[in-house]
Amino acid sequence: MMRCSVAFAANDLSFMTEGKPYNEVKQTLIDQGWAPIKNTKIDRASLYAQEIYNMGMTEVTDCISMEIDGCTFLYQKGKQTLEIKTITRQLSVESFRVYKKNTR
């Protein structure tokens, strides 16, 4: 079952379903105006995350390379941030959440 936490979302993200390949989700998000947030501290992330980063997915924040091979990716649109979690080496979407940036 897809886990989704939406604190604030003005966009329809229903296309993002559990098991969908991340590369398909990424292109649709970009088409909808979401911008990948480049990880400027990738050197502090796991070696697996660095491998994903070097494949051109610079929005990866970190990965856990164990049984589930889980990764997290970040996007921004206006004051909203979208966090996507994937599993497996095929980077299948597991869950996502949208939250509004705190402007304080």
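From a predicted model like this one, the values you see are computed outputs, not experimental measurements.

Caption draft 1: Summary view of the overall build of the protein chain. Each helix and strand counted, the protein chain has two helices and six strands in total. For the protein chain, the sequential pattern of α-helices and β-strands runs β-α-β-α-β-β-β-β. Relative to its full complement of 104 residues, the protein chain shows a buried share of 37%. In the protein chain, the share of contacts with a sequence separation of at least 24, taken over all contacts with a separation of at least 6, comes to 42%. Split by element, the accessible area of the protein chain, about 6300 Å² in all, is 51% carbon and sulfur.

Caption draft 2: Up close: the pattern of salt bridges. Enumeration according to the criterion identifies four salt bridges in this entry. Asp69 serves as the salt-bridge partner of Arg89, at 3.5 Å between the closest nitrogen and oxygen. Residue Arg89 is found in the loop between β5 (80-87) and β6 (92-100), and its partner Asp69 is found in the loop between β3 (60-64) and β4 (70-77); the two are separated by 20 residues along the sequence. With relative accessibility at 43%, the residue Arg89 sits in the partly exposed group. Its relative accessible area of 11% is what places Asp69 among the buried residues. Residues joined in a network through salt bridges with shared partners are Glu51, Asp69 and Arg89.

Caption draft 3: Expanded view of the side chain of Ser92. Relative to the elements of secondary structure, Ser92 occurs in strand β6. Taking relative accessible area as the criterion, Ser92 reaches 16% and is therefore assigned buried. Apart from residues no more than four positions distant in its own chain, Ser92 is found in contact with Gly19, Lys20, Lys85, Thr86 and Ile87.

Parameters at a glance
Residues numbered from 1 in each chain as written. Predicted model: local features only at pLDDT ≥ 70, side-chain atom pairs only at ≥ 80, totals over all residues. Heavy atoms only, no water. Helix = DSSP H or I, 4+ residues; strand = E, 2+ residues; numbered from the N terminus. Buried < 20%, exposed > 50% of the residue type's maximum accessible area, 1.4 Å probe, protein only. Contact = heavy atoms within 4.5 Å. Areas by Shrake-Rupley, 256 points an atom, 1.4 Å probe, with all protein chains shown as cover. Salt bridge = Lys/Arg side-chain N within 4 Å of Asp/Glu carboxyl O.

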